[in-house]
Amino acid sequence: MEIIHTDKAPGAIGPYSQAIRSGNLVFTSGQIPIDPKTGNVEASDITAQTHQVCQNLKAVLEAAGSGLDRVVKTVCYLSDMENFAAFNAVYAAYFPSKPARSCVAVKTLPKNVLVEVETVAEV
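Residues numbered from 1 in each chain as written. Predicted model: local features only at pLDDT ≥ 70, side-chain atom pairs only at ≥ 80, totals over all residues. Heavy atoms only, no water.

(A) Looking closely at the side chain of T6. With respect to the helices and strands, T6 occurs in the loop between strand 1 (2-4) and strand 2 (19-22). At 3.1 Å, the side chain of T6 forms a polar contact with the backbone nitrogen of K8. What T6 contacts, discounting residues up to four positions off in sequence, is Q18, A59, V60 and A63. (Helix = DSSP H or I, 4+ residues; strand = E, 2+ residues; numbered from the N terminus. Polar contact = N/O pair within 3.5 Å; in protein donor to acceptor, adjacent residues only side chain to side chain. Contact = heavy atoms within 4.5 Å.)

(B) The arrangement of the state of the cysteines in detail. Per the counting criterion, the structure on display carries zero disulfides. Not engaged in a disulfide, the cysteine C54 finds its nearest cysteine sulfur in C76; these two sulfurs lie 8.2 Å apart. The thiol of C76 is not disulfide-bonded; the next cysteine sulfur, from C103, is found 4.9 Å away. The buried category is assigned to C76, whose relative accessible area is 0%. (Disulfide = S-S within 2.5 Å. Buried < 20%, exposed > 50% of the residue type's maximum accessible area, 1.4 Å probe, protein only.)

Encoded structure:
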């Protein structure tokens, strides 16, 4: 088992790793739309927040020797299902291979963001 870390994605805001590589799989922690350059949530709408989340996931996966094209499963959390269509429009551009997915609405996400996504990918 290997702990994955990159400065190209936001650091963990709790007692966890950005990702863990185990065998030929990498498991990312949920990424929220924190800009790794500032350490803050800069985006305010679902479209911009989803782009930031996907960029963060891309950086973590690449640090693990994988990539968005190797993702086999995602779990997506939305603070409001009214954002589902806009989220899907951005998500589809980053995950054209259509990995298996769960998408659920949650009451609140860390830092009151609109979206969080975690992945499992092949290495």
